[in-house]
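Reading the structure
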Amino acid sequence: MWDGEAAVAALPAVLEGFGVTLVATVLGFAVAAVLGLVLALVQRAGPVWLALPVRGAAGFVRSTPLLVQLFAAWVLVPGLDAPVLGVLVLGVHYATYLSEVYRTGIDAVPKGQWEACTALSLPRRRVWAAVVLPQAVRNVLPPLGNYAVSMFKETPLLSVITVHEMVHEANTYGSTHFAYLESFTLAAAVFLLASWPTSVLVRRLEARLAH
Amino acid sequence: MADFLPELSRAVPRLADGLLVTVEATVLGAALALVLAYALGLLSRSARPPVRAAARLVVEFFRGTSLYVQLFWLFFALPMLGFRLEPLACGVLALGLNFGAYGSEVVRGAVAAVPRAQTEAAIALGMGPALRLRRVVLPQAHALMVAPFKNLLVQLLKATPLLSLVTVPDLTFQIDQLRSSTGATAASYLLLLGLYFGLAVVLSLGMNALERAAKARAGQEGGV
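Keep in mind that what you see is a predicted model, and the values were worked out from it rather than measured. (Residues numbered from 1 in each chain as written. Chains lettered and ligands numbered in written order. Predicted model: local features only at pLDDT ≥ 70, side-chain atom pairs only at ≥ 80, totals over all residues. Heavy atoms only, no water.)

1. Digging into the overall build of chain B
Put simply, the test is: Each helix corresponds to a stretch of at least 4 residues labelled H or I by DSSP, and each strand to a stretch of at least 2 residues labelled E; elements are numbered beginning at the N terminus. Remark: exposure states derive from per-residue accessible area (1.4 Å probe, protein chains only) relative to the maximum for the residue type, with buried under 20%, exposed over 50%, and partly exposed in between. Throughout, a residue-residue contact means that at least one pair of heavy atoms, one from each residue, lies within 4.5 Å. Where accessible areas are quoted, they stem from the Shrake-Rupley method and a 1.4 Å probe; at the residue level, only the protein chains shown are allowed to cover.
Broken down by element type, chain B carries eight helices and zero strands. Listing the helices and strands of chain B from first to last along the sequence gives α-α-α-α-α-α-α-α. Counting only C-alpha atoms and orienting by the principal axes, one finds that chain B spans roughly 75 × 50 × 20 Å. Counting only residues that meet the buried cut, chain B has 45% of its 224 residues in that class. By sequence separation, contacts in chain B at least 24 residues apart represent 74% of the contacts at least 6 residues apart. When the accessible surface of chain B is split by element, carbon and sulfur atoms take 67% of a total near 10,800 Å².

2. Examining the interface of chain B and chain A
When the parts come together, some accessible area is lost, and that loss is often what is quoted as the size of the interface. Stated formally: Buried area: the accessible area, evaluated with a 1.4 Å probe, that two parts lose upon being put together, summed over both parts. Each salt bridge in this description consists of a side-chain nitrogen of Lys or Arg and a carboxyl oxygen of Asp or Glu lying within 4 Å of one another. A 3.5 Å cut-off defines polar contacts: any pair of N or O atoms within that distance qualifies, except that in protein one atom must be a possible hydrogen donor and the other a possible acceptor, and neighbouring residues in sequence count only when both atoms are side-chain atoms. Gly falls in the polar group here, along with every residue not listed as nonpolar (Ala, Val, Leu, Ile, Met, Phe, Trp, Tyr, Cys, Pro) or charged (Asp, Glu, Lys, Arg).
Counting from both sides, the interface comprises 32 residues of chain B and, opposite them, 36 residues of chain A. Taken together, both faces of the contact between chain B and chain A bury some 3,100 Å²; the carbon and sulfur share is 76%. There are one salt bridge connecting chain B and chain A. As a salt-bridge pair, Glu60 of chain B and Arg203 of chain A come within 3.2 Å of each other at their nearest N and O atoms. Counting across the interface, chain B meets chain A through eleven residue pairs in polar contact (both at pLDDT 80 or more). Of all elements in the fold, only helix 2 (49-64), helix 3 (67-77), helix 6 (129-159) and helix 8 (185-217) of chain B reach the threshold of two or more residues within the side of chain B that touches chain A. No other element matches helix 8 of chain B, which puts nine residues into the side of chain B that touches chain A. For the side of chain B that touches chain A, the class distribution of residues is 20 nonpolar, eight polar and four charged.

3. Describing helix 4 (residues 82-107) of chain A
All names here are of chain A. Test applied: Helices are assigned an expected span. That span is 1.5 Å times one less than the residue count. To get the bend at any residue, fit one axis to the seven residues that end at it and another to the seven that begin at it, then take the angle between the two axes.
A rise of 1.5 Å per residue sets the reference length of helix 4, with its 26 residues, at 38 Å; its end C-alpha atoms lie 37 Å apart and thus fit the reference within 8%. Along helix 4, the helix axis deviates most sharply at Thr96, where the bend reaches about 30°. Among the 26 residues that make up helix 4, 19 are buried, leaving the element largely enclosed by the rest of the structure.

4. Quick notes on the UniProt feature "domain: ABC transmembrane type-1" (unreviewed entry) in chain B
Inclusion rule: UniProt positions are given in the numbering used here, feature names are shortened, and annotations may be inferred rather than shown by experiment.
The UniProt record marks residues 19-203 of chain B with the feature "domain: ABC transmembrane type-1" (unreviewed entry), using the residue numbering of this structure. Regarding residues 19-203 of chain B, the helix share stands at 81% and the strand share at 0%, and the terminal C-alpha atoms are separated by 14 Å.

5. As for the pattern of salt bridges
Any two side chains of opposite charge can pair, so long as their charged atoms come close to each other. Residues and elements named next belong to chain A. Going through the model one piece at a time under the given rule, you end up with twelve salt bridges over all chains. One salt bridge in this structure joins Glu100 and Arg103, with 3.4 Å as the shortest N-O distance. Placement of the pair is Glu100 and Arg103 together in helix 4, with a separation of three residues, close to one helical turn. Residue Lys111 is joined to Glu115 by a salt bridge in which the shortest nitrogen-to-oxygen separation is 3.5 Å. One end of the pair, Lys111, and the other, Glu115, are both in helix 5 (residues 111-119), four residues apart, so they sit about a helical turn from each other.

6. Some words on helix 2 of chain B
Counting along an α-helix, one turn takes 3.6 residues, and residues three or four places apart therefore face a common direction. Compared with the 22 Å implied by 1.5 Å per residue over 16 residues, the 22 Å span of helix 2 of chain B between its first and last C-alpha is a close match. When helix 2 of chain B is considered as a whole, its buried residues turn out to be Ala55, Val59, Glu60, Phe62, Arg63 and Gly64 of chain B. As for helix 2 of chain B, its buried residues are in contact with helix 6 (124-154) and helix 8 (180-209) of chain A together with helix 1 (4-43), helix 3 and helix 4 (87-113) of chain B. The positive-phi residue at the C-terminal boundary of helix 2 of chain B is Ser66 of chain B, with phi of around 75°.

7. Concerning the UniProt feature "domain: ABC transmembrane type-1" (unreviewed entry) in chain A
When the UniProt feature table is mapped to this numbering, "domain: ABC transmembrane type-1" (unreviewed entry) covers residues 18-202 of chain A. Structurally, residues 18-202 of chain A is divided into 84% helix and 0% strand, and its ends, taken at the C-alpha atoms, are 21 Å apart.

8. Description of a nonpolar patch on the surface
Applicable threshold: Patch definition: residues above 30% relative accessible area lacking any salt bridge, with like charges linked at up to 9 Å and the nonpolar side chains Val, Leu, Ile, Met, Phe, Trp and Tyr linked at up to 5 Å.
Where nonpolar side chains cluster on the molecular surface, the patch consists of Trp74, Val75, Leu76, Val77, Leu80, Val84 and Leu88 of chain A together with Leu190 of chain B and spans about 610 Å² of accessible area. Listing elements by their share of the nonpolar patch, those giving two or more residues are helix 3 (66-76) and helix 4 of chain A.

9. Details of the packing of aromatic side chains
The cut-off we apply is this: The aromatic pairing rule takes the rings of Phe, Tyr and Trp, using the six-membered ring of Trp, and pairs them if the centres are within 6.5 Å, calling planes under 30 degrees apart stacked, those over 60 edge-to-face and the rest tilted.
One pass over the full model with this rule turns up 15 aromatic pairs over all chains. Arranged with centres 5.8 Å apart and planes meeting at 45°, the rings of Tyr94 of chain A and Tyr97 of chain A form a pair that is tilted. Of this pair, Tyr94 of chain A and Tyr97 of chain A both sit in helix 4, three residues apart, which is roughly one turn of the helix. Consider the rings of Phe152 of chain A and Phe191 of chain A, whose centres lie 5.0 Å apart with planes at 55°: the pair is tilted. Pair noted here: Phe152 of chain A is in helix 6 and Phe191 of chain A is in helix 8, with a separation of 39 residues, a long-range link. You'll find Phe152 of chain A and Phe191 of chain A in the same group, each marked buried. An aromatic cluster of three or more residues is present, and its members are Tyr180 and Phe184 of chain A together with Phe72, Phe75 and Phe76 of chain B.

10. Looking at the UniProt feature "transmembrane region" (unreviewed entry) in chain A
Mapped onto the present numbering, the UniProt feature "transmembrane region" (unreviewed entry) falls on residues 20-42 and 183-202 of chain A. Helix makes up 100% of residues 183-202 of chain A and strand 0%. Its end C-alpha atoms lie 29 Å apart.

In structure tokens, the structure reads:
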């Protein structure tokens, strides 16, 4: 049965793991946001010999499980620390999703904007940097926020490559003190408390940008 | 690597067993998720505020607490309350609850996207609420639901390797056995990634066919 004292005792370990979870999410998302934009630009504006293979590889990464990718990277890429590797795998996995988001955002920029750039004979680089991307980024902010929340909820997978994030800590505490009920319930509560307000904020942002 | 291929051919029956477990977990998890998605999605459009609030609460709870924690909670914490579930049952339940919560948003959104005039016309024809939903609103909503459900189904398939962490002998579990008995780590994991990719492609193709059929039934563009 639920033991209040055990829950209080488990809290510091769970919160310490939460710190790792949060850092992994922020860094992983930073990798995904930048790499995703690169992937989108290559697929959208790159030469065909590069765009096609990149598209195929992104599709493959998107349709295979993150857990298996972590296992594979863990044994195939030696010499990297587990947290670094975990952040990179998370980042690459989510970059393949974000590249689709960016692509939709870029496609949603009105055609007249491109035509105006052509009429002003702006150089290609300026067209992207000063006209298309600023408008596209505004379009994609809400879906980016949603993906950040899902990534946050997938970071527990990093525990399989020995990263001491929150679920790893909850598991360790639960097994050494025979307090799985308390430690995992706390972990669930922390996830809920952290992800719910973020989802609400993203939904508000979505509603505001829709007008 | 030299003895990987003979070892692989000997392991084929076990891999087939694992594949079966993965497919089973995917199908059962998806079936449970589908039922929950409809129930929660339709309840969250109820005219009664308490019903709506309860449905939203359940959805936010299962979306917000992370599938991984839910699975581990069912496997490790639930027995401490006196209930012990089979590992596969834990997996199916966690997948169903989590993806059902996400799916309910799909159902809710699709039903909301059916033009209001369709409901009004059905009322004018004297149809009751149940008949309206069944014959007018849902067939049109279905055509909108298939594409997002396809994404969720692929996500669900990709979440099944997690079950190997709670001792379910699925495809990932069996290939991991093959890996430790042959030492051919790279080959084993590449095979595993390839198999999941194949499964995802099969699922997508099946769902594309369903989408065409649903659109055709609702008399929409793109249907055959």
